[in-house]
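This is what each chain is made of:
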Number of protein chains: 2
Amino acid sequence: MKENYTIKDIAELAGVSKGTVDRVIHKRGKVSPKALEQVNKVLDKIEYKPNPIAKSLKNNKIYNIAILLPDADADPYWLPCYEAIKQVEQEFSHFGIKINKGVFKPKSTKSFTKAADLVIAEKPDAVLMVPLFYKEAEHVAKMCVAAGIKIATFNNYIKEPHINLEIGQDLFQSGRVAAKLFNMLLGNKATLAVLHIDEAFQNASHMQEKERGFKDYFAQKELAYTINVHNIKKESKIPFDQTIENFLKSIDDVDGLFVTTSKAYLLANHIAAYLPKSLIIGYDLVAENIKYLEEDKIAFLIHQDPKKQVYLSLTNLIEFFLFDKPLQESLTLPIDIINTENYPQYLN
Amino acid sequence: MKENYTIKDIAELAGVSKGTVDRVIHKRGKVSPKALEQVNKVLDKIEYKPNPIAKSLKNNKIYNIAILLPDADADPYWLPCYEAIKQVEQEFSHFGIKINKGVFKPKSTKSFTKAADLVIAEKPDAVLMVPLFYKEAEHVAKMCVAAGIKIATFNNYIKEPHINLEIGQDLFQSGRVAAKLFNMLLGNKATLAVLHIDEAFQNASHMQEKERGFKDYFAQKELAYTINVHNIKKESKIPFDQTIENFLKSIDDVDGLFVTTSKAYLLANHIAAYLPKSLIIGYDLVAENIKYLEEDKIAFLIHQDPKKQVYLSLTNLIEFFLFDKPLQESLTLPIDIINTENYPQYLN
DNA sequence: TTTTTTAATGTGTTCGAGCACATTTTTATT
DNA sequence: AATAAAAATGTGCTCGAACACATTAAAAAA
């Protein structure tokens, strides 16, 4: 029993030439019923899988992958994504992989659409994107499907049935993770605040998912928790910092603050002055959050690992193109709980 | 400016044949000084990297990787490793990769040595092992080095300078992670117990590393914590469960219990009866631990992700053999903090 | 039956690296 | 200068899949 049969092997076993075997496998026609049967008989017995390396060599094609992602200058959360891209480019530079970045402003749908148009015009083999803007992302997905371009998303979700690859975190569940942490720290009774802090509110569905999960936990456990929700957004002309301070002045008697965005540091900056006993749980290992984590002004951070998301998305697409590995339709990544002691290992 | 040059390209640029280029690259001699210079001049300009796919196809070699790991029947902690092996076998079945398992009893050095001898006798290209027994593992490493076999370790460490690949967790730091969690849950003053629970104590250095990290945290922060260390091991003829119960009867006034092994469930089983207010932090997502985690009898678990360790070790070795990717000498994996809400994502 | 058309099958080349072998050039020897 | 020996260089094949093209066999038309 051989392990890996080649086309030549099959040809010999079936008593035909490799050309005929090839035609049978690829259903290119021009095969007599007799030969077809002979080859299929062999194929049934041995389960042939073409050698992906030979296939790849013969192909010798350059695959273009476009990636639509927000500008890291506007929000450092996205910085690790760029590292992941660089890493993948290095690892796969000799495998004929080209990655084309389409950077957009995270607050501008126009910028997103423009970047998308630019990138799709070059007819890439796949488009990987952060679907920050629901309607616009849906449109991009549809255009890709129409053009036969593989389409993948990460970090956020849209409900498009033709997405080929979807990588992200279970946001509802991550809200529950935060809730459980508060529950452990504060016991069976407390007052909490959910804070949606961001400079803009387009497509804020991810924040709401986290809030839903957060509330769901306490409801399900029937705990005596009071939970207030606050939307805090940058007001024009007033510094964001000032807005935060005003907010903190306006509330009291809060045991814990759950920040659904990566902006927990804005809060932590002033927490000692106004609510010294309140615990903060936030998201994402951005530098400023880590600073306050280390100062114990942030209790926990939840890590969404954007770098891993990009890395996995890209390698999944690449291995699909190069080696015919199937695309994982949907991949839900772990919800990493971060404290002062374990954050360094997540940063590399 | 071309991206990927081939040997043929270089030959044309240097005005020689591809055979000569090949001899220069592989330093096989038989090249005139003049030709050498011509080729090197081109090589300096373009930075040639051979196409790993073509190389791999030509090679057409079957690589044998041996993996020495404990029997999962004796300790379910190792079960995910077997899943990782199966997964890698499937993913790389058409890349000429053979994985040979050498299973040993986790309490028997003899069994380890026997499995190692058996596996090395077949002259694999690499040996990946869990170096549970220091002296014996060191010996295996030396034998591999002598035989030109690549040697990799995971889960535990030995100090052998010739290890080619080392994957695991920072155990000292994971002790600190546990300490920090207790600190957050219990405040600035408490009494804790460190429990080394296992059925045998050979090579228990990993437990001690965790203990050191744990104590280090409180010492560094100068917190008023009392920490007592207990070794609990299976006594012959007495059921382990009974030993645990006796231990619990013997202590009181403990706010938290830190179990340095995967045996936290043995404790959790009886905690409600003897120390209902004590918090347990343990290691590893074995089924029984998860059960008590869900019942809130275990507060947190630290995940050592043996599956990921094996997966990364194997793929790293494979990509080294197939595509000349360099081996990462030492890779320290994140210390995952697990509670009731986030464990499922770590299990897949 | 012979010729034409169409269907079926086989052969040869390519991808890039790597190595065996053949050929050519240079150097040494008579 | 002729020949032998050694050194240098070039050619051609392999790995396995894929496809273009050539060849052969069978069916249709004359």
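Note that the coordinates shown come from a computational prediction; the quantities given were computed from them, not determined experimentally.

**Q** Is there a simple way to think about the overall build of chain A in this case?
**A** On a plain count of helices and strands, chain A comes out with 14 helices and 12 strands. Relative to its length of 348 residues, chain A is extended, with a C-alpha radius of gyration of 26 Å against a globular reference of 20 Å. Seen through its C-alpha atoms, chain A measures out along the principal axes to roughly 85 × 40 × 30 Å. Per-residue burial for chain A yields a buried fraction of 54% across its 348 residues. For chain A, long-range pairs separated by at least 24 residues make up 66% of all intrachain contacts whose partners lie at least 6 apart in sequence. With the model as given, the accessible surface of chain A reaches about 16,300 Å², and the carbon-plus-sulfur share is 50%.

**Q** Before we go on, may I ask you to explain the protein's contact with DNA strand C in this structure?
**A** Taken together, 25 residues surround DNA strand C, and among them Ser17, Ser32 and Lys58 of chain A together with Lys18 and Arg28 of chain B come closest. Looking at DNA strand C alone, sugar and phosphate atoms form 62% of those within 4 Å of the protein. The separation between a phosphate oxygen of DNA strand C and a polar main-chain atom of Ile7 of chain B is 2.6 Å. Here a base oxygen of DNA strand C sits 2.6 Å away from a polar atom, N or O, in the side chain of Lys18 of chain B. Contributions of two or more residues to the surface near DNA strand C are made by helix H2 (18–25) and helix H4 (52–59) of chain A together with helix H2 (18–25) and helix H4 (52–59) of chain B. Residues of the surface near DNA strand C, tallied by class, amount to eight nonpolar, eight polar and nine charged.

**Q** Please explain the domain arrangement of chain A as it appears in this structure.
**A** For interface size, the figure often reported is the accessible area lost on association. All names here are of chain A. Segmenting chain A into domains produces domain 1 (7–50), domain 2 (59–163 + 306–333) and domain 3 (171–303). Taken together, the contacts link 10 residues of domain 2 with 10 residues of domain 3. For the pairing of domain 2 and domain 3, the buried interface totals around 820 Å² over both sides, and the portion due to carbon and sulfur atoms is 52%. Seen at the junction of domain 2 and domain 3, the total is one salt bridge. Lys263 is the partner of Asp75 in a salt bridge, and the nearest nitrogen-oxygen pair spans 3.7 Å. The tally of links from domain 2 across to domain 3 stands at zero residue pairs in polar contact (both at pLDDT 80 or more).

**Q** Teacher, can you tell me more about the nonpolar core here?
**A** A general trend in soluble globular proteins is that nonpolar side chains are found buried together. Formed by 168 residues in total, the largest nonpolar core has its most connected members in Val127, Met129 and Leu257 of chain A together with Val127, Met129 and Leu257 of chain B. Judged by nonpolar contacts, the second largest core, of 44 residues, contains Phe182 of chain A together with Phe182, Phe258 and Ile302 of chain B.

**Q** Just to check I follow, could you spell out helix H5 (residues 79–91) of chain A for this structure?
**A** All names here are of chain A. In this model, H5 (13 residues) spans 19 Å end to end at C-alpha, consistent with the 18 Å of a helix rising 1.5 Å per residue. Those residues of H5 that fall on the buried side of the exposure criterion are Cys81, Tyr82, Ala84, Ile85 and Val88. Take H5 and look down its axis: the buried residues cluster within an arc of 155°, on one side only. Along H5, exposed side chains directed more than 90 degrees from the buried face belong to Lys86 and Gln90. Looking at the packing, one finds that the buried side of H5 touches strand E1 (63–70), strand E2 (97–104), strand E4 (150–154) and helix H13 (306–323).

**Q** Is there a simple way to think about the interface of chain B and chain A in this case?
**A** With 42 residues of chain B at the interface, the matching set in chain A holds 42 residues. Summed over the shared surface of chain B and chain A, the result is six salt bridges. Our enumeration of links across chain B and chain A arrives at 15 residue pairs in polar contact (both at pLDDT 80 or more). Per-element tally for the side of chain B that touches chain A: the top contributor is helix H8 (residues 171–186) of chain B, with seven residues.

**Q** How should the packing of H2 of chain A against helix H3 (residues 33–46) of chain A be read in this particular structure?
**A** A pair of packed helices can be characterised by two numbers: the angle between their axes and the separation between those axes. Residue and element names in this part refer to chain A. Relative to each other, H2 and H3 sit at 80°, their axes nearing to 10 Å. Relative to H3, H2 is oriented roughly perpendicular. Within the contact between the two elements, H2 uses Thr20, Val21, Val24 and Ile25 and H3 uses Ala35, Leu36, Val39, Asn40 and Leu43. The residue inventory of the contact of H2 with H3, partitioned by class, reads seven nonpolar, two polar and no charged.

**Q** Sorry, what's going on with the UniProt feature "domain: HTH lacI-type" (unreviewed entry) in chain A here?
**A** In this numbering, the UniProt entry assigns the feature "domain: HTH lacI-type" (unreviewed entry) to residues 5–59 of chain A. Helix makes up 69% of residues 5–59 of chain A and strand 0%, whereas the separation of the span's terminal C-alpha atoms amounts to 20 Å.

**Q** I'm lost on the sheet that holds E2 of chain A in this one. Help?
**A** The strands making up a sheet associate through hydrogen bonds between their backbones, and the pairing can be parallel or antiparallel. Residue and element names in this part refer to chain A. Taken in spatial order, the six strands of this open sheet run E2-E1-E3-E4-E5-E11, and their pairing is parallel. Each of the sheet's edge strands pairs with one partner strand only, and the pair in question is E2 and strand E11 (330–333). Pairwise comparison of adjacent strand axes, ignoring direction, gives a mean angle of 15° for this sheet. Both strand E3 (residues 126–129) and E4 contribute to a ladder of four bridges, which runs parallel.

**Q** Just to check I follow, could you spell out the pairing of strand E10 (residues 300–303) of chain B for this structure?
**A** Within a regular strand, side chains alternate between the sheet's two faces. All names here are of chain B. Burial along E10 is two-sided: the face carrying Phe300 and Ile302 and the face carrying Leu301 and His303 are both buried. Across three bridges, the pairing between strand E9 (residues 279–283) and E10 is parallel. Across the sheet, Ile281 pairs through a bridge with Phe300, a residue of E10. The parallel pair E9 and E10, bridged by helix H12 (residues 287–294), forms a crossover whose chirality is right-handed. Where E10 lies against strand E12 (residues 336–338), three bridges are found, and the strand directions are antiparallel.

**Q** I tried to follow the pattern of salt bridges on my own but got confused; where do I start?
**A** As a working rule, side chains carrying opposite charge can pair if their charged atoms are close by. Tallied over the entire structure, the rule returns 28 salt bridges over all chains. Lys180 of chain A serves as the salt-bridge partner of Asp296 of chain B, at 2.5 Å between the closest nitrogen and oxygen. Separated into two different chains, Asp296 of chain B in the loop between H12 and E10 and Lys180 of chain A in helix H8 (residues 171–186) make up a pair that spans both. Through salt bridges that share partners, Glu91 of chain A together with Glu319 and Lys325 of chain B make up one connected network.

Calculation criteria
- Residues numbered from 1 in each chain as written.
- Chains lettered and ligands numbered in written order.
- Predicted model: local features only at pLDDT ≥ 70, side-chain atom pairs only at ≥ 80, totals over all residues.
- Heavy atoms only, no water.
- Helix = DSSP H or I, 4+ residues; strand = E, 2+ residues; numbered from the N terminus.
- Rg over C-alpha atoms; globule rule 2.2 N^0.38 Å.
- Buried < 20%, exposed > 50% of the residue type's maximum accessible area, 1.4 Å probe, protein only.
- Contact = heavy atoms within 4.5 Å.
- Areas by Shrake-Rupley, 256 points an atom, 1.4 Å probe, with all protein chains shown as cover.
- Near = heavy atom within 4 Å.
- Polar contact = N/O pair within 3.5 Å; in protein donor to acceptor, adjacent residues only side chain to side chain.
- Nonpolar A, V, L, I, M, F, W, Y, C, P; charged D, E, K, R; others polar.
- Domains from an automatic or database assignment.
- Buried area = accessible area lost by both parts, 1.4 Å probe.
- Salt bridge = Lys/Arg side-chain N within 4 Å of Asp/Glu carboxyl O.
- Core = buried A, V, L, I, M, F, W, Y, C linked by side-chain atoms within 4.5 Å.
- Expected span 1.5 Å × (residues − 1).
- Arc of directions from axis to C-beta.
- Axes fitted to C-alpha atoms, helices over the stretch in contact; angles between N-to-C directions.
- Parallel < 35°, antiparallel > 145°, perpendicular 65-115°, else oblique.
- UniProt positions renumbered as here; feature names shortened; annotations may be inferred.
- Pairing = 2+ DSSP bridges.
- Right-handed = clockwise from strand over helix to strand, strands pointing away.

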